[in-house]
Amino acid sequence: MTTTTPAHPCAGCGASVAFAPGTTTLQCPYCGLRQGIAPPTRDVREHSYDAFLAKPRVHTLSSRQFTCPGCAARTESDAISKACQFCGTALVADMANDTQIAPEAVLPFGLDRGGARNALRGWVKTRWFAPNRLKKVSEAETMKSTYLPHWTFDAHTVSDYVGQRGEHYWVTKRHNGTTRRERRTRWYPAGGRVARAFDDVVVAATTQAPGERLDQLQPWPLQQAVPFDPGYVAGHHTLRYDTEPQTGLEQAKTVMAGVIHDDCRRDIGGDVQRVTSVDTSYSHVAFKLVLLPVWIGNYVYGGKTYQVLINGVNGEVQGDRPYSALKIALAVLAAVALVGLVVWLYLANRA
């Protein structure tokens with residue numbers, strides 16, 4: 001277990017400060033004093049995956065012990081950063097002796113709480129068939145700024161494929177005195193090799209948030225990521241990863257496979273393509289752990305809990321929502337009525 005301290009004390013009053021989204025400063029919640037985060041002294045680095053596999057590593061998922069310097073409370077958590085549950089002091093774990101892979105980079109929050117609420121309001125207004133009362137949820141929503149761990153992978157790939165190239169042609173058919181043209185396709189065997197260099201394929205490194213929702217928050221502006229500094233996570237909740245790099249790489253390969261399949265189709269050419277098999281080799285595989293900013297909200301509507309995730313940089317919202325049975329029923333009735341009107345007009349014109 002790891003003893004923790006605040007990332008930075010306030011230079012004015014000594015209280016714990018928090019990172020202010022959209023800035024490069026830490027702000028004291030009590031006296032309002034701002035102090036800058038020191039500029040990075042290194043670049044964001046990629047790490048060799050082969051070197052990672054070759055190096056023995058003792059790994060444990062035991063909880064960290066947080067000792068609050070504000071109220072001296074001792075708590076346990078698996079988070080990297082959090083707020084003291086008793087006095088609210090911002091706590092950040094000391095990563096120096098951690099057995100887990102340390103975060104290499106962090107993409108700082110660009111959206112503050114007000115910006116996240118505005119994004120949620122805009123999302124709610126565009127939800128078709130949602131109950132009217134849902135619009136009030138954005139005012140009462142509880143939002144938590146959370147850095148979620150993700151793996152990014154680089155790789156050089158060479159893929160040998162086998163498939164078919166289809167070329168369209170037209171034939172003229174006669175039936176009952178009428179002539180029509182029908183499209184046919186001739187298929188030819190195809191095969192070849194495609195290569196690609198992948199950069200920063202992103203996959204979630206946590207199972208504590210729905211993976212499909214996290215994927216829908218992409219793309220992330222990773223060019224804005226900075227080397228990890230405790231200051232950027234101070235005052236925000238930060239999860240540590242529970243998905244190992246080996247599992248992350250397999251997920252990344254699934255993403256790469258879709259891109260490679262499209263490369264094979266382009267290489268085959270023709271009007272249509274079939275890809276029957278692809279054999280891919282990977283080299284120069286590199287990875288890093290990056291913390292990505294997400295506002296996580298949970299709200300209760302009709303006795304049921306719904307969750308929304310908000311990209312902490314651009315405000316993209318993904319989440320669950322209720323549906324209005326009345327609005328859906330009215331929409332179905334309107335569609336049926338429209339179809340009936342079209343049929344009636346058609347029959348009336350033929351009469």
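Draft legend 1. Highlighting the overall build of the protein chain. Counting its secondary structure elements, the protein chain contains seven helices and 16 strands. The proportion of buried residues among the 351 residues of the protein chain is 41%. Of the contacts formed within the protein chain by residues at least 6 apart in sequence, a portion of 72% connects residues at least 24 apart. Carbon and sulfur atoms make up 53% of the accessible area of the protein chain, which totals about 19,100 Å².

Draft legend 2. Examining the sheet that holds strand S2 (residues 25-27) more closely. Across the sheet, which stays open at both edges, the three strands sit in the order S1-S2-S3 with antiparallel pairing between neighbours. Of all strands in the sheet, those bounded by a partner on one side alone are strand S1 (18-19) and strand S3 (34-36). Relative to S2, S1 is paired through two bridges, and the arrangement is antiparallel. Within the sheet, the bridge partner assigned to phenylalanine 19 lies in S2 and is leucine 26.

Draft legend 3. Broad picture of helix H6 (residues 245-268). Taking 1.5 Å per residue, 24 residues should reach 34 Å; H6 reaches 34 Å between its end C-alpha atoms and fits that length. Looking at H6, one finds that the buried residues are Pro245, Gly248, Leu249, Ala252, Met256, Ile260, Asp263, Cys264 and Ile268. Just beyond H6, the residue with positive phi is glycine 269, at close to 75°.

Draft legend 4. View of the packing of aromatic side chains. Summed over the entire model, instances satisfying the criterion amount to nine aromatic pairs. Ring geometry for phenylalanine 52 and phenylalanine 287: centres 5.3 Å apart, planes at 65°, overall edge-to-face. Taken together, the residues span a long stretch of sequence, with phenylalanine 52 in helix H1 (residues 49-54) and phenylalanine 287 in strand S14 (residues 272-301) at a distance of 235 residues. For the pair formed by phenylalanine 52 and phenylalanine 287, the shared burial category is buried. Through pairs of rings, three or more aromatic residues link up here, namely Tyr49, Phe52, Trp151, Phe153, Tyr241 and Phe287.

Draft legend 5. Spatial organisation of the pairing of strand S11 (residues 178-204). Alignment of strand S10 (residues 142-175) against S11, held across 25 bridges, turns out to be antiparallel. Considered in S11, the bridge of tryptophan 170 is made with arginine 183. Joining the antiparallel neighbours S10 and S11 is a turn of two residues, in which asparagine 176 adopts a positive phi near 50°.

Draft legend 6. Broad picture of the environment of arginine 266. Examined against the element boundaries, arginine 266 turns out to sit in helix H6. On the accessibility criterion, arginine 266 (57% relative accessible area) is exposed. Side chain to side chain, arginine 266 and aspartate 263 meet in a polar contact 2.4 Å long.

Draft legend 7. How the structure looks around helix H2 (residues 113-125). Along its 13 residues, H2 runs 19 Å from first to last C-alpha, staying within 8% of the 18 Å computed at 1.5 Å per residue. Regarding H2, the residues found buried are Gly115, Ala116, Arg117, Ala119, Leu120, Trp123 and Val124. The N-cap residue of H2 is aspartate 112: its side-chain oxygen and the backbone nitrogen of glycine 114 are 3.2 Å apart.

Draft legend 8. Summary view of the side chain of threonine 152. Position of threonine 152 relative to the elements: it lies in strand S10. Separated by 3.4 Å, the side chains of threonine 152 and aspartate 200 make a polar contact. Here lysine 288 takes part through its side chain, which lies 2.9 Å from a polar atom of the side chain of threonine 152.

Draft legend 9. The pairing of strand S7 (residues 79-83), seen in detail. Among the five residues in S7, four count as buried, and that is most of the element. Bridge count for S7 against strand S13 (residues 237-239) is two bridges, and the pairing is antiparallel. Within the sheet, the bridge partner assigned to serine 81 lies in S13 and is threonine 238. Pairing between S7 and strand S8 (residues 90-92): three bridges, direction antiparallel. Bridging across to S8, lysine 82 finds its partner in leucine 91.

Draft legend 10. Up close: the pattern of salt bridges. Counted by the stated rule, this structure contains 11 salt bridges. Residue arginine 165 is joined to glutamate 167 by a salt bridge in which the shortest nitrogen-to-oxygen separation is 3.2 Å. Here glutamate 182 makes a salt bridge to arginine 184, at a shortest N to O gap of 3.1 Å. Residue arginine 184 is classed as partly exposed on the basis of its relative accessible area of 33%. Taken together, the salt bridges that share partners define one network made up of Arg42, Arg45 and Glu104.

Draft legend 11. Spatial organisation of the side chain of threonine 157. When you line up the elements, threonine 157 lands in strand S10. Setting aside its immediate chain neighbours within four residues, threonine 157 contacts Val194, Ala195, Arg196, Phe198, Ile260, Thr280, Ser281 and Tyr282.

About the criteria used
Residues numbered from 1 in each chain as written. Predicted model: local features only at pLDDT ≥ 70, side-chain atom pairs only at ≥ 80, totals over all residues. Heavy atoms only, no water. Helix = DSSP H or I, 4+ residues; strand = E, 2+ residues; numbered from the N terminus. Buried < 20%, exposed > 50% of the residue type's maximum accessible area, 1.4 Å probe, protein only. Contact = heavy atoms within 4.5 Å. Areas by Shrake-Rupley, 256 points an atom, 1.4 Å probe, with all protein chains shown as cover. Pairing = 2+ DSSP bridges. Expected span 1.5 Å × (residues − 1). Phe/Tyr/Trp six-rings, centres within 6.5 Å; stacked < 30°, edge-to-face > 60°. Polar contact = N/O pair within 3.5 Å; in protein donor to acceptor, adjacent residues only side chain to side chain. Salt bridge = Lys/Arg side-chain N within 4 Å of Asp/Glu carboxyl O.

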